[in-house]
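Examining the three-dimensional arrangement
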Amino acid sequence: MDRDTDRYRLLTRRAAVLGGIKLAGLATLVGRLYYLQVVESARYTMLAEENRISLRLVAPSRGTIVDRFGTSLAMNQQNYRVVVVSERTRNIQDTLDKISKIVPLTDGDRRRVMREMHRKRRFVPVTVRENLTWEQVATIEMNTLDIPGVAIEVGEIRHYPYADATAHILGYVGAVSEAELNGDPVLSLPGFRIGKAGMEKFHEKALRGTAGTSQLEVNAVGRVIRELSRDEGQPGREVQLTIDIGLQKFVQQRLSQEVSAAAVVMDVHTGGIYALCSHPSYDPNQFTMGINAELWEELLSNPATPLNNKAVAGQYPPGSTFKPVVALAALESGIISRTHSVFCPGHMDLGDHRFHCWKKGGHGTVDVVGALRHSCDVFFYDVARRIGIDRIAEMANRFGMGAPTGLDLPHERGGLIPSIEWKKGALGKSWSPGESLIAAIGQGYVLSTPLQLALMTARLANGGFGVKPHLTKQIKNLMTEASSWPALGLKKENLDLVMRGMFEVSNAPNGTAYKSRITEPGFELAGKTGSAQVRRITMAQRNAGLKKQEDMPWRDRDHALFIAFAPVSAPRYACSVFVEHGGGGSTAAAPIARDILLETQKRDPGRAAVAEGVPPPVPPLDRTRG
């Protein structure tokens with residue numbers, strides 16, 4: 001009996017222990033379930049959603065670029081592309097053969113499609129061709145039943161309606177390279193394009209906009225089931241330029257009559273650039289769509305360098321267009337007076353070297369105005385000998401030469417204004433007096449860009465104010481152009497004298513550009529011719545008689561230059577023209593500048609600046625006094 005009782009008690013204890021263990025396990029399980037389903041509910045809900053919902057970026061629409069009057073210069077157009085999904089087609093090669101009967105495909109296109117097919121999952125669309133015409137789109141849509149797995153998608157592509165007229169200003173967009181990836185996820189989107197040159201590159205941040213998002217429901221392997229929601233993001237901002245596209249087209253067309261040339265037109269008071277052209281040009285739309293190797297090689301091998309923006313990156317000797325700055329340097333230094341005169345016999349001797357004037361018989365006795373009117377080299381040799389290179393360099397720097405102007409366009413070059421210190425540091429040699437004489441006529445080490453020459457002219461014409469050139473009028477809701485500038489500290493009577501000389505260059509019967517004057521009342525211009533040698537003339541060649549420029553090979557001819565402002569009575573527009581190997585400034589560059597300034601004044605793009613409240617121009621200088 002006692003043994004049965006003990007056995008009963010033992011079983012009861014064991015049952016209680018086992019029951020306790022079970023209860024503890026159950027409590028632990030309930031607690032764990034509570035922790036997972038209540039305490040960690042939000043976390044696991046998020047993980048489940050992330051496994052079911054894919055958040056993808058949506059490329060923003062790129063901002064447009066317009067001219068000063070709102071005309072579109074760079075816009076977005078619909079881009080129709082044909083895509084193929086490999087899981088929906090039985091034979092991809094057969095599908096490509098059928099597509100090629102509608103849209104021409106190269107062997108490279110076929111290899112690219114096959115390569116992407118192997119890299120991507122079978123349900124991911126692969127682009128076969130972009131930029132389809134409407135006829136091609138319609139034909140493919142009509143034959144979708146016969147071409148399984150093929151579909152049409154719509155995207156955006158950059159379009160430049162004025163092509164070569166604006167190429168050097170706007171630049172172009174292109175695919176993102178590995179070096180340009182900076183952590184911004186939108187740059188990794190397939191087919192995304194960014195600015196590669198010009199204003200497209202300079203204003204990339206403003207034009208790009210902010211990416212949107214798309215919430216997609218996907219299955220376990222990542223196939224899209226449906227789109228749940230979409231945020232289009234923020235499109236890029238509109239960028240308005242100072243350019244007048246009508247004038248820009250006119251200038252580009254006028255330059256196209258030359259082999260290679262550049263021109264700039266700017267407002268002497270605001271610094272706004274109304275036209276900036278370099279010829280020959282190129283079609284930026286070909287870069288946007290993917291330029292082929294043959295055309296790329298053709299652009300690179302062209303001796304007239306169409307890819308180079310000569311207006312801002314071409315560095316050339318300014319020739320005699322540099323003489324107004326030299327005259328001002330001498331007058332402001334006080335070393336010569338306003339009545340200073342020099343006798344020109346056709347040359348000047350310095351040591352054992354003879355420096356020739358462009359006119360073999362000389363100009364006789366000339367003063368400042370006469371030296372500018374006739375472009376007398378001997379007068380400026382004399383001036384340079386008296387004042388030295390450093391005074392010339394200081395004045396040239398004040399007029400924006402020798403360094404980049406700060407233009408809001410990539411790849412601007414700064415030219416070169418030499419000095420004693422520069423030569424010592426750059427070449428390790430001392431400056432010689434003869435080099436000052438050569439620099440005074442815009443030759444030797446002196447280099448400038450057409451933009452710098454336009455800026456120099458603008459600062460002369462506006463009464464000596466430090467205006468700066470710019471192409472951006474405003475970025476919507478971000479910035480607007482400046483309208484006030486510091487004085488350069490020049491005496492009015494000295495400016496008047498130099499500008500009187502420029503007036504006579506174009507309006508006196510014996511001026512070097514008299515044949516290219518503007519005869520319409522109220523539109524008259526004042527200017528300065530320039531010719532820059534590209535090869536040294538030996539004494540033997542000089543004695544044998546120089547060939548005419550037109551009889552020389554194109555590469556051996558002088559560069560032709562002309563600077564001008566108009567109207568003379570109240571200057572508003574400054575212009576510089578450069579014709580590569582054009583021969584003489586008076587024969588090649590001056591007629592172009594005349595046509596440009598006449599068209600500019602008739603169009604009068606500066607009227608917009610006045611209407612928008614820009615301060616009125618500086619009162620006109622008296623052009624009638626000597």
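Since the model is a prediction, treat every value here as computed from it, not as a measurement. (Residues numbered from 1 in each chain as written. Predicted model: local features only at pLDDT ≥ 70, side-chain atom pairs only at ≥ 80, totals over all residues. Heavy atoms only, no water.)

In this section: the packing of helix α13 (residues 323–333) against helix α19 (residues 492–507). Across the interface, α13 lies against α19 with an axial gap of 10 Å and an inter-helix angle of 150°. Between α13 and α19, the angle is such that the two are roughly antiparallel. The chirality of how α13 crosses α19 is right-handed. For the pair formed by α13 and α19, the contact residues are Pro-324, Ala-327, Leu-328, Leu-331 and Glu-332 on the first element and Asn-494, Leu-495, Leu-497, Val-498 and Met-502 on the second. (Axes fitted to C-alpha atoms, helices over the stretch in contact; angles between N-to-C directions. Helix = DSSP H or I, 4+ residues; strand = E, 2+ residues; numbered from the N terminus. Parallel < 35°, antiparallel > 145°, perpendicular 65-115°, else oblique. Left-handed = near helix turned anticlockwise from the far one by under 90°. Contact = heavy atoms within 4.5 Å.)

Another aspect to go through is the packing of helix α15 (residues 377–398) against helix α17 (residues 433–440). Two elements in contact, α15 and α17, have axes separated by 8 Å at closest approach and are oriented at 100°. Classed by the angle they form, the pair α15 and α17 counts as roughly perpendicular. On the side of α15, the interface is formed by Phe-380, Tyr-381, Ala-384, Arg-385, Gly-388, Ile-389 and Ile-392, while α17 contributes Ser-436, Leu-437, Ala-439 and Ala-440. Residues of the contact of α15 with α17, tallied by class, amount to 8 nonpolar, 2 polar and 1 charged. (Nonpolar A, V, L, I, M, F, W, Y, C, P; charged D, E, K, R; others polar.)

So, on to the packing of aromatic side chains. This structure, assessed with the given rule, holds 11 aromatic pairs. Consider the rings of Tyr-282 and Phe-287, whose centres lie 5.4 Å apart with planes at 65°: the pair is edge-to-face. On the basis of relative accessibility, which here comes to 8%, the residue Tyr-282 falls in the buried class. By relative accessible area, Phe-287 is classed as buried at 11%. Grouping aromatic residues by their ring pairs yields a cluster made of Tyr-172, Tyr-282, Phe-287 and Trp-296. Taking NZ or CZ as reference, Arg-68 lies 5.8 Å from the ring centre of Phe-69, over its face. One cation-aromatic arrangement involves Arg-517 over Tyr-514; the distance from NZ or CZ to the ring centre is 3.9 Å. (Phe/Tyr/Trp six-rings, centres within 6.5 Å; stacked < 30°, edge-to-face > 60°. Buried < 20%, exposed > 50% of the residue type's maximum accessible area, 1.4 Å probe, protein only. Lys NZ or Arg CZ within 6 Å of the ring centre and 35° of its normal.)

Quick look at a nonpolar patch on the surface now. Taken together, the side chains of Leu-23, Leu-26, Leu-29, Val-30 and Leu-33 define a hydrophobic patch exposed on the protein surface, amounting to about 480 Å² of accessible area. Take Leu-26: it is sitting in helix α1 (residues 2–39). (Patch = residues over 30% accessible without salt bridge, like charges linked within 9 Å, V, L, I, M, F, W, Y side chains within 5 Å. Areas by Shrake-Rupley, 256 points an atom, 1.4 Å probe, with all protein chains shown as cover. Salt bridge = Lys/Arg side-chain N within 4 Å of Asp/Glu carboxyl O.)

The analysis is restricted to geometry; functional conclusions fall outside its scope.
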